[in-house]
Amino acid sequence: MLLYSARRLLWGLAVLLGVSVITFIVAFAVPADPARNIGGIHATRAALANIRRAYGLDQPLPVQYWDYLTHLLHGDLGRSYSTSEDVLPAVLGRLPYTLILGLLGVLFELAIGVPLGLVAALNRGRALDRGALLGALLVFSLPPFVLGNLLLLLFAFHWSLFPLGGADDPQAIILPALTLGLGGAVWYSRLLRTTLLEVLSADYIRTARAKGLRMRRVVLGHALPNALGPIITQIGLDMGYFLGGVVVVESVFAWPGMGKLAYDAISHDDINLIMGTVLVGAVFVVAANLLVDLAQAWLDPRIRPG
Amino acid sequence: MIGSPVSTGGPAPPAEEGVSLESSRARVWRDLRRSPTFWIGALLTVGVALAALFAPLLAPHDPAAQFDNGLTIIGAPLGHTARFPLGTDFEGRDILSRLLYGARISLGISLTGNLLAVLLGVTLGAVAGWWRGIPGAIIMRFTDVMLAFPSLLLALALVGIEGPGVGIIVLVIALVSWTALCRITYGQVTALREGAWIEAARVTGLREERILIRHVLPHLLATIVVYATLGMALTVVFEGSLAYLGLGVPNPAPSWGRMIHDGSDPNALQFYWLIVYPSLALFLTVLGFNFLGDALRDALDPRRS
């Protein structure tokens, strides 16, 4: 287990190194004049020349990358030029909001998705199963900013059951988390249905049934725990996509997390700040995947050698 | 892209030429014809495509024109009127015309971006799966790295640096959407290359690239078609999200995502039609591709239940 954990950790670090190469290319090799991104649109020519010298932008690219990497490793993600704050603390300060929203979103995904998948699998081919599929396709076709705004329009504006946005009211998290969770819920319900049907045709399920266990016991006690593994793995793999949803949902509900920070940074052309959220987001995705892998290996010894 | 909508278990057995291929085509068509999902999906996607193609003929007004009589006396948007069937926005522009022209932007960008992503994903996945070795390892590790990015944030950074424009938006959509298909192609090609008929093709002296293109890739066609269709749904959403976040095609081009954004201002919420109609347009478009993809998967996947 220890060896496996060490290998996964090393792999995660290697991915992050790759991530840094790509963010470097995006920030320094793609723009025609990276000095302008650092100095902002109002920088004078002399200021730009100073920035080039100070940031080593006149150096060859590999030297620049090494420089960039050393800065990253020291937690220096540069400075936001719309607020003059250091980028890392600015992003980390918003992280708790994003974490709690994301966590509640995943909880909604499971709380709605698992029962839905179970019902669909147990009623395979019947009206209930087809209805669940149709409902899943309908909900899954609502982009988060459409769903979020419709919920906002109905439950916050029309019926005033929830605040219009922000994070001042403890109730304010419900609508954004629901927006975030619904799409995933119907998606994972379909995935769970497929894995459950596969698991239910396995030999040990037949054995359990032959022993005289009731179907309900068999499904909840034997099949469901085994079918949940792939779902958890998939949730980990989808983390990058999920964070995209978080950005949109935070913008819709003015939820003061990392995504809202990125959204506000766009309107100020604050590339440093956006890149900061990209980097912290990538670390988050890699960490989430690592956690899922380790949890799986801990639960299922068969995974460890691989 | 999330999940794996297509079963990627073992490779499909090679189709025997002639009769059996023909009958499997007939079977697919028979299945599709009986599927209500297929017909609804086809109806919706064809409808949106027609709206996009014939927008100049269908639209009652110029989508960018600001009408003096398109606002109330206090400067608020108009609701339904005979002249403006779906009302007007804060600029006094006709919503119906903007929706119709918006279909061009939404479909045009998504179609091109998705096509590029499919080409990129299939090519890289096929190369990595067929030749493996160091180039294969590099490609697949690169895919892993790309999957670690929150794709929307990366897209925001790229569009933010380059400045919003149709070209960069298409490119960014392609850059962040190719990974899923690359992994699937890789998996299937690695499995297929062990097949006996590949050995036979090699014995006859065919070149490697030719075996890959003529004898391996055709077996992936069904998977690619399903993924490209479902990918359209995701790219339409992605383009809409970029526009919603302020990085869509620049003004005054009508874009559904930005129309929803403008309508979601707290002061605009009372004019519900500003949100509801563009939302409906986006929803029906995405639904069309999802229905179509789902029906195609059911009909094309030989391992379906």
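Residues numbered from 1 in each chain as written. Chains lettered and ligands numbered in written order. Predicted model: local features only at pLDDT ≥ 70, side-chain atom pairs only at ≥ 80, totals over all residues. Heavy atoms only, no water.

**Description of the overall build of chain B**
Of the regular secondary structure elements, chain B holds 13 helices and zero strands. Along the first, second and third principal axes, the C-alpha atoms of chain B reach 80 × 45 × 30 Å. Excluding contacts between residues fewer than 6 apart, the proportion of contacts in chain B whose partners are at least 24 apart in sequence is 74%. As presented, chain B carries roughly 13,200 Å² of accessible surface, and 66% of it is formed by carbon and sulfur atoms. Each charge class in chain B can be summarised by its mean position, and for the 21 positive and 21 negative side chains these summaries are 8 Å apart. (Helix = DSSP H or I, 4+ residues; strand = E, 2+ residues; numbered from the N terminus. Contact = heavy atoms within 4.5 Å. Areas by Shrake-Rupley, 256 points an atom, 1.4 Å probe, with all protein chains shown as cover. Lys, Arg positive; Asp, Glu negative; His and termini not counted. Charge placed at Lys NZ, Arg CZ, Asp CG, Glu CD.)

**Observations regarding the overall build of chain A**
Along its length, chain A carries 13 helices and zero strands. In terms of principal-axis extent, the alpha carbons of chain A reach across some 85 × 55 × 30 Å. A buried classification covers 47% of the 306 residues belonging to chain A. By sequence separation, contacts in chain A at least 24 residues apart represent 72% of the contacts at least 6 residues apart. Of the side-chain charges in chain A, 22 are positive and 19 negative, and the distance between the mean point of each set is 15 Å. (Buried < 20%, exposed > 50% of the residue type's maximum accessible area, 1.4 Å probe, protein only.)

**Some words on the packing of helix α13 (residues 271–299) of chain A against helix α6 (residues 151–162) of chain B**
Packing of α13 of chain A against α6 of chain B brings their axes to within 9 Å, and their N-to-C directions diverge by 160 degrees. Comparing their axes, α6 of chain B and α13 of chain A come out roughly antiparallel. Here the hand of the crossing between α13 of chain A and α6 of chain B comes out left-handed. Across the interface between the two elements, Ile271, Ile274, Met275, Thr277 and Val278 of chain A from α13 of chain A touch Leu153, Leu154, Leu156, Ala157, Gly160 and Ile161 of chain B from α6 of chain B. Among the residues forming the contact of α13 of chain A with α6 of chain B, the class breakdown is nine nonpolar, two polar and no charged. (Axes fitted to C-alpha atoms, helices over the stretch in contact; angles between N-to-C directions. Parallel < 35°, antiparallel > 145°, perpendicular 65-115°, else oblique. Left-handed = near helix turned anticlockwise from the far one by under 90°. Nonpolar A, V, L, I, M, F, W, Y, C, P; charged D, E, K, R; others polar.)

**Some remarks on the interface of chain B and chain A**
With 49 residues of chain B in contact, the opposing surface of chain A contributes 52 residues. One can count zero salt bridges joining chain B with chain A. Our count for the contact surface shared by chain B and chain A stands at three residue pairs in polar contact (both at pLDDT 80 or more). Counting residues per element, the ones that place at least two in the side of chain B that touches chain A are α5 (133–147), α6, α11 (221–244), α12 (256–263) and α13 (273–300) of chain B. Its residues assigned to classes, the side of chain B that touches chain A comprises 31 nonpolar, 14 polar and four charged. (Salt bridge = Lys/Arg side-chain N within 4 Å of Asp/Glu carboxyl O. Polar contact = N/O pair within 3.5 Å; in protein donor to acceptor, adjacent residues only side chain to side chain.)

**Concerning the side chain of aspartate 293 of chain A**
Within the element layout of this structure, aspartate 293 of chain A appears in helix α13. Ignoring sequence-local partners within four residues, the contact set of aspartate 293 of chain A consists of Tyr4 and Arg8 of chain A.

**Some details on a nonpolar patch on the surface**
Residues and elements named next belong to chain B. On the surface, a nonpolar cluster with roughly 620 Å² of combined accessible area is contributed by Val46, Leu50, Leu53, Phe54, Leu57 and Leu58. Of all the secondary structure elements, the ones that give two or more residues to the nonpolar patch are α2 (36–53) and α3 (55–58). No other element matches α2, which puts three residues into the nonpolar patch. (Patch = residues over 30% accessible without salt bridge, like charges linked within 9 Å, V, L, I, M, F, W, Y side chains within 5 Å.)

**Some words on the confidence of the model for chain B**
Residue and element names in this part refer to chain B. Here chain B averages 87 in pLDDT, and 91% of its residues register 70 or above. Of all secondary-structure elements in chain B, the lowest mean pLDDT belongs to helix α1 (residues 19–33), at 74, while α2 reaches the highest, 96. In this model residues 1–20 is a low-confidence stretch, pLDDT under 50, and it forms 39 contacts with partners more than four residues away in sequence or in other chains. Scoring of the predicted complex yields 0.89 for pTM and 0.88 for ipTM. (pLDDT = per-residue confidence, 0-100.)

**Digging into the side chain of threonine 195 of chain A**
As for its placement among the helices and strands, threonine 195 of chain A is situated in helix α8 (residues 174–200). If we skip the residues at most four places from it in the chain, threonine 195 of chain A touches Ala227, Pro230 and Ile231 of chain A.

**Description of the packing of aromatic side chains**
Counting across every chain of the model gives 15 aromatic pairs over all chains. Ring geometry for phenylalanine 155 of chain A and tryptophan 159 of chain A: centres 5.8 Å apart, planes at 55 degrees, overall tilted. Ring centres 5.5 Å apart and planes at 85 degrees place the aromatic pair phenylalanine 90 of chain B and phenylalanine 271 of chain B in the edge-to-face group. Placement of the pair is phenylalanine 90 of chain B in the loop between α3 and α4 (95–131) and phenylalanine 271 of chain B in the loop between α12 and α13, with a sequence separation of 181 residues. Judged by its relative accessible area of 13%, phenylalanine 271 of chain B falls in the buried class. Clustering of aromatic rings is evident, with ring pairs tying together Phe90, Phe271, Tyr272 and Trp273 of chain B. (Phe/Tyr/Trp six-rings, centres within 6.5 Å; stacked < 30°, edge-to-face > 60°.)

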